[in-house]
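Structural overview for review
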Amino acid sequence: MFKRPIKEINAEFKAEEKYLDSVQRTVRESCIAASMNKKEIGAVLLAIEEGATNIIRHAYLYEKGLMRVRIVIYKKLVVFSLIDYGRSFQPDNSGKVDLHKLVESGRKGGLGFYMIQKIMDSVEYISTAEFNELRMIKRVHKDKQKGRPFLRRMLTLRFKFSIWTFIIVSMIIGGSIFYFDYEISNEMYAHKHNTVQALGTTIAAQAAGYLINNRSDVEFDELIVSYKQANPELKKIVLTDSFQLIRAHSDDILHIRNKYSIPHNLLSDSYNFPQSYMEQGSQVEFLVVPITLGKKIIGKVYIDYTTEGLYLQLTETRKQIILLTVILLVFGVLCIYLLSDYFVSPILKITHRIRRFTSGDLETELPLEGAEEFFEISKAFNHMITRLSQDRKNIAAREKMAKEIEVASQIQKTLLPSKLPQILNLDVETFYRAASLVGGDLYDIFKVSENRYCMVVADVSGKGVPASLVMSMLRTVIQIYARQIVSPKEIIVAVNDYMKKNIPPGMFVTVFLLIYDGVDNSIQYVSAGHNPMIYFNSSKNIIEELNPKGMPVGLPTKEADKFESSIIEEKRILRDKDCFFVYTDGITEAPDRDGKLFGIERLKSFIQSHLKSDSISMKNISEKLVDEIDDYTGFHKAADDISYIIVRNSNARTKDMTNESREKRTSLAIKNISADTSDSDIS
């Protein structure tokens, strides 16, 4: 039916009105690629919007679905297809729909189809068992605009190049011809004047001898007549004596012995300098040459001559030069026009490629041909398109990655305790801040049994998504084992056995894990290579660093029990107002503007100074600590994640409860001994 298509575009959108802008954007770019004018593009967009709206409102009336847009670009037409998989406009499912009957019947969508038929050159609605297709064909017409657009189309780059070259060359040649014509003409006229002057000097020299020897009038007349006949450019020669009486006249001998009158407004004593006057509409040159005897003037020679012959000669020569110049210019312009294709064609290809690039074609490359400069331009342009295409892909990939990281950050935040458990006798506060969108720090507080709670602070080596994944896995593993095992050491050993098999190579985790027992108000704790816990002993008003030995979780070891043997478990009874602080190194290694670290001493000093007051809550201390860190770092972007748990014992009857707990345990031990004895007796 059609020739081979130039380009085909396929896109799929959700059949919802909010995606109509995306559909129109795709159609607009395709119309630009097909070289449609603005009026045609606007009409096509209106028709596509109407067709897509009908599909959304009628084909998917009771359900949501997809709408496929297929655009095939040919040289002289574009085929637009809107394909849906919903309800058909044809109730009897007989295939093609009679759109004219649809309009006449006034059914839903009929007026929309009427408008589409008016805009498009051909419209078909095809319904099958699997899909429905609204197929529209729009022919691409050449612009038939008048006035300036027509001139713009005519004044192509090649034509402009030829015209401007013609104008510039013509100005150069015309200026050169004018200059040389001016110089040559002046030189020829000067030569003519010099020739006449030399002739007048010769006549004057001979006439001087005639006057001295008092020759006859006939001899004078023969003298000037012979000179006039030998020089046709001489119009008249008059020879006078010292009394201004005519001794010889080339035109009429009757003037002899009469007084000579020079033409009006001319000077008789302006010797050897040509003067001009008009006679019967023609310019005549007038020259006066004195006849001298020593320094005495004994007569004059008056010569009238014309330069008309020289003027005619110059005019004829000019005509020939102009004719030859015009012929050469026309030939030159034709050659320039043909030669301009060599320079303009690559530029037109680049321009056409840029237009295709703006319409979304990032694949087609310019051919590497033409002169070296155009070869380099095409090469650079292809390189630029490749880079832009790659950058666009990279931007899309980065946006996708950023979205995935954002989702990972949201998921990670959900893994942290959304609400801290209410623990009797303890005032607990926590804080978490990731250095980037996702972090590798972990804190967790959860109940493991009646009156027993597990508290964990961990720091995964590295940052970003890998560290967050390890952190998520670590949290899950700790929660599982903590509910099955009583001892913190056994918990961390079990966690290490699992993590060592599943953690990526080169990564490890430092963990500080403690179990709070509400019965005897005590904590049992272990440190797997973590920072020391800061403990405030209220009875002695001192700060201690509690850091039992232990190696990080997940490190490979040659000996199977090396990790277990490295872990030391410790226990401490909490006294009233005692406080402990478990944290990651994002606090102590926070730098100021000069790179100096916050340090553990500053942290200990801060905690001790703020725990002197019994009325201050852990929440207030936590807020003040965050402000202290931010003030110290100057609110710079954090270099590492920050996590901590701060806890203060607020039980005033800790001692009594401890004694009561001991009594209970002693009583329980006595009962166990009694039971053992009874069993022995029975045996």
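Read on for a plain summary of the structure. (Residues numbered from 1 in each chain as written. Predicted model: local features only at pLDDT ≥ 70, side-chain atom pairs only at ≥ 80, totals over all residues. Heavy atoms only, no water.)

Below, the discussion takes up the sheet that holds strand E3 (residues 77–84). The strands making up a sheet are joined through hydrogen bonds of the backbone, oriented either antiparallel or parallel. Strand order in this open sheet of five strands is E1-E2-E3-E5-E4, and the pairing throughout is antiparallel. Each end of this open sheet is capped by a strand with a single partner; those strands are strand E1 (7–14) and strand E4 (122–127). Strand after strand, the sheet turns through a mean of 15° between neighbouring axes, direction not considered. Bridge count between E4 and strand E5 (residues 132–139): six bridges; the pairing is antiparallel. Within the sheet, the bridge partner assigned to Val 123 lies in E5 and is Met 136. Across the sheet, helix H2 (residues 38–59) touches strand E2 (66–73), E3 and E5, and the angle it forms with E3 is around 15°. (Pairing = 2+ DSSP bridges. Helix = DSSP H or I, 4+ residues; strand = E, 2+ residues; numbered from the N terminus. Axes fitted to C-alpha atoms, helices over the stretch in contact; angles between N-to-C directions. Contact = heavy atoms within 4.5 Å.)

Residue Ser 35 is not a glycine yet carries a positive backbone phi of 65°. Position of Ser 35 relative to the elements: it lies in the loop between helix H1 (20–33) and H2.

Another point: H1. Over its 14 residues, H1 runs 20 Å from end to end, which matches the ideal 20 Å to within 8%, given 1.5 Å per residue. Within H1, burial applies to Leu 20, Val 23, Gln 24, Thr 26, Val 27, Ser 30 and Cys 31. Along the axis of H1, the buried residues cluster in a sector spanning 160°; they form a single face. Contacts from the buried residues of H1 go to E1, H2, E2 and E3. Positive backbone phi, approximately 65°, marks Ser 35, located one or two places after H1. (Expected span 1.5 Å × (residues − 1). Buried < 20%, exposed > 50% of the residue type's maximum accessible area, 1.4 Å probe, protein only. Arc of directions from axis to C-beta.)

With that settled, the discussion passes to helix H7 (residues 217–230). Taking 1.5 Å of rise per residue, the 14 residues of H7 would be expected to cover 20 Å, and the 20 Å separating its terminal C-alpha atoms lies within 8% of that figure. Buried within H7 are the following residues: Phe 220, Asp 221, Leu 223, Ile 224 and Tyr 227. The buried side chains of H7 occupy one side of the element, clustering within an arc of 155° when seen end-on. When the buried face of H7 is taken as reference, the exposed residues oriented beyond 90 degrees from it are Val 218, Glu 222, Gln 229 and Ala 230.

What follows deals with a negative patch on the surface. On the surface, Glu 490, Asp 497, Glu 559, Asp 561 and Glu 564 cluster together into a negatively charged patch. Looking at the secondary structure, you find Asp 497 in helix H11 (residues 488–502). A relative accessible area of 36% places Asp 497 in the partly exposed class. (Patch = residues over 30% accessible without salt bridge, like charges linked within 9 Å, V, L, I, M, F, W, Y side chains within 5 Å. Areas by Shrake-Rupley, 256 points an atom, 1.4 Å probe, with all protein chains shown as cover. Salt bridge = Lys/Arg side-chain N within 4 Å of Asp/Glu carboxyl O. Lys, Arg positive; Asp, Glu negative; His and termini not counted. Charge placed at Lys NZ, Arg CZ, Asp CG, Glu CD.)

Turning to the sheet that holds strand E20 (residues 642–649), a few remarks are in order. Pairing in this open sheet of five strands is antiparallel, and the strands run E11-E20-E19-E16-E17 from one edge to the other. Each edge of the open sheet is held by one strand with a lone partner, namely strand E11 (426–433) and strand E17 (542–546). The mean inter-strand angle of the sheet, taken between neighbouring strand axes irrespective of direction, is 15°. Relative to E17, strand E16 (residues 533–537) runs antiparallel, the two sharing five bridges. Looking at the pairing, Asn 537 lines up with Ile 542 of E17. Sheet strands in contact with helix H14 (residues 600–610) are E16, E17 and strand E19 (579–583), and its direction is about 135° off that of E17. In the packing of helix H15 (residues 618–633) onto the sheet, the strands contacted are E11, E19 and E20, and the crossing angle to E11 comes to about 30°.

We now examine the environment of Val 626. Within the element layout of this structure, Val 626 appears in helix H15. Classification of Val 626 by relative accessible area gives buried; the value is 13%. Remark: the alpha-carbon pair of Val 626 and Ile 642, spanning 16 residues in sequence, is separated by 9.8 Å. Setting aside chain neighbours within four positions, we find Val 626 in contact with Phe 431, Arg 433 and Tyr 644.

So, on to the packing of helix H10 (residues 464–482) against H11. A packed helix pair is summarised by two numbers, namely the angle formed by the two axes and the spacing between the axes. Orientation of H10 relative to H11, taken along the N-to-C sense of each, is 140°, at an axis distance of 9 Å. Crossing of H10 over H11 shows right-handed handedness. Each of Val 470, Met 473, Leu 474, Val 477, Ile 478, Tyr 481 and Ala 482 in H10 lies in contact with H11, whose residues at this interface are Ile 491, Ala 494, Val 495, Tyr 498, Met 499 and Asn 502. For the contact of H10 with H11, the class distribution of residues is 12 nonpolar, one polar and no charged. (Left-handed = near helix turned anticlockwise from the far one by under 90°. Nonpolar A, V, L, I, M, F, W, Y, C, P; charged D, E, K, R; others polar.)

Fair warning: the whole summary comes from geometry, so function is off the table for now.
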